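Close look at the chain arrangement
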Amino acid sequence: MKSVLIFDSGVGGLSVFKEVAQLLPEQHVVYAFDNAAFPYGELADDVLIQRVCRMVSAICQQQDISLVIIACNTASTLVLPHLRDLLNVPVVGVVPAIKPAAAISKSKIIGLLATPATIRRPYTHQLVKEFAPDCEVEMVGSTELVQMGEGKLRGRKVDKKILSDVLAPFINKTDCIVLGCTHFPLLREEIEDILGEQCLVIDSGKAIANRVVTLLKEGDQMTSLSKAEHFVFSSAPVKEEEALNQELEKLGFATISRAPIF
Ligand SMILES: N[C@H](CCC(=O)O)C(=O)O
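Residues numbered from 1 in each chain as written. Predicted model: local features only at pLDDT ≥ 70, side-chain atom pairs only at ≥ 80, totals over all residues. Heavy atoms only, no water.

Extensive coverage of strand β9 (residues 230–234) is indicated by the burial of four of its five residues. Note that strand β2 (residues 28–33) and β9 share five bridges and pair parallel. Bridge assignment links Ala32 to a residue of β9, and that residue is Phe233. Where β9 and strand β10 (residues 257–258) come together, two bridges link them in parallel fashion. (Buried < 20%, exposed > 50% of the residue type's maximum accessible area, 1.4 Å probe, protein only. Helix = DSSP H or I, 4+ residues; strand = E, 2+ residues; numbered from the N terminus. Pairing = 2+ DSSP bridges.)

In structure tokens form, the structure reads like this:
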């Protein structure tokens, strides 16, 4: 039975997995993360293009994959055209939800919280120009929050003080912020707590899941009446990851193995 491949630098893509699994509970999933090169938000563009293309195409050759989700804004805003040239399955990317945020915002002052690389990308600035021309967009790039999301899934406590400092430019200013990194929905509760209910927090997870359903239906690739099997592959050698493996088990995944191709 074919699987959907979900790819990220770390565990952030699990926020996308949760949305996909809600709509497609019978879908087999291969989750692959490039933890050997984490964090992607600090990587040079050419290195990122090369790594993502090499790994994703190798996994597609090795596993029976019906569709690829690049569950990483940092990679999607750069590598999608390169990947689509290489693969013969649909590739769905995750990019910051600027368009819905601009539509929802009443004050027309919105926020974008992403990695430093996503904030720098011409792709992101084009999105703002095209879909939020009437908005002031406050942009914050943070690798610290990416690390915080990784830590939370490994049972570490979220440091609210650090989080408040990162979110400070949005506080009492924006009425809607976009989580432009898939690690950040893992911190949604804490972020919402700090920003208060006057600020809406949105991400692209549900839109991606809907797009995946449409593409699988179009390609006649919907799996049904089977028990979903999920596997996880990391690029770095597997170390003691007890807390993370427990989280993964709750989501229906087998324990992490190292992808032989990495
Ligand atoms: N989760 C990723 C990348 C985080 C990182 O590795 O810097 C994103 O959506 O941008």
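This is not the end of the story, as more comes after the structure.
Bringing the layout of surface pockets into the picture now. The space that makes up the largest pocket amounts to roughly 340 Å³. Together, 18 residues line the largest pocket, and Val95, Pro96, Ala97, Lys99 and Leu127 are the ones closest to its centre. The set of elements that each furnish at least two residues to the lining of the largest pocket consists of α4 (98–104), α6 (122–131) and α10 (205–218). The leading source of residues in the lining of the largest pocket is α6, at five residues. Within the lining of the largest pocket, the residues separate by chemical class into 11 nonpolar, three polar and four charged. (1 Å grid on protein atoms, 1.4 Å probe; cavity = no way out; pocket = protein on both sides within 12 Å on 5 of 7 lines; lining within 4 Å. Points joined across faces, edges and corners; volume = space filled by probe spheres on them. Nonpolar A, V, L, I, M, F, W, Y, C, P; charged D, E, K, R; others polar.)

It is worth spelling out the sheet that holds β9 at this point. With respect to topology, six strands assemble into an open sheet ordered β4-β3-β1-β2-β9-β10, the strand pairing being parallel. If you trace the sheet from one side to the other, it starts and ends with β4 (91–93) and β10, each paired once. Strand direction decides the pairing type here: strand β1 (residues 3–8) and strand β3 (residues 65–70), joined by five bridges, are parallel. Along β3, the bridge assignment pairs Leu5 with Val68. In this fold α10 packs onto β1, β3 and β4, with an angle of close to 160 degrees to the strand it touches most, β3. (Contact = heavy atoms within 4.5 Å. Axes fitted to C-alpha atoms, helices over the stretch in contact; angles between N-to-C directions.)

This part takes up the pattern of salt bridges. A side chain with one charge can pair with a side chain of the opposite charge if their charged atoms come near. Scanning all chains against the criterion turns up 15 salt bridges. With its nearest N and O atoms 2.6 Å apart, the salt bridge here joins Asp34 to Arg51. Of the two residues, Asp34 sits in the loop between β2 and α2 (45–62) while Arg51 sits in helix α2, which places them 17 residues apart along the sequence. An identical accessibility class is assigned to Asp34 and Arg51; each is buried. Here Lys160 ties to Asp193 by a salt bridge, and the two come within 3.8 Å at their closest N and O atoms. Taken as a pair, Lys160 in helix α8 (residues 160–167) and Asp193 in helix α9 (residues 188–195) lie far apart in primary sequence, 33 residues in all. Owing to a relative accessible area of 39%, Lys160 belongs among the partly exposed residues under this scheme. Here the residues in one salt-bridge network are Glu150, Arg154, Lys239 and Glu241, joined through shared partners. (Salt bridge = Lys/Arg side-chain N within 4 Å of Asp/Glu carboxyl O.)

The geometry of an aromatic ring pair is captured by two quantities: the separation of the ring centres and the angle between the planes. Applying the stated criterion across every chain yields a total of three aromatic pairs. When the ring of Tyr31 is compared with that of Phe33, the centres are 6.1 Å apart and the planes differ by 45 degrees; the resulting orientation is tilted. For the pair formed by Tyr31 and Phe33, the shared burial category is buried. Seen from their ring centres, Tyr31 and Phe253 are 6.3 Å apart, and the 75 degrees between their planes marks the pair as edge-to-face. (Phe/Tyr/Trp six-rings, centres within 6.5 Å; stacked < 30°, edge-to-face > 60°.)

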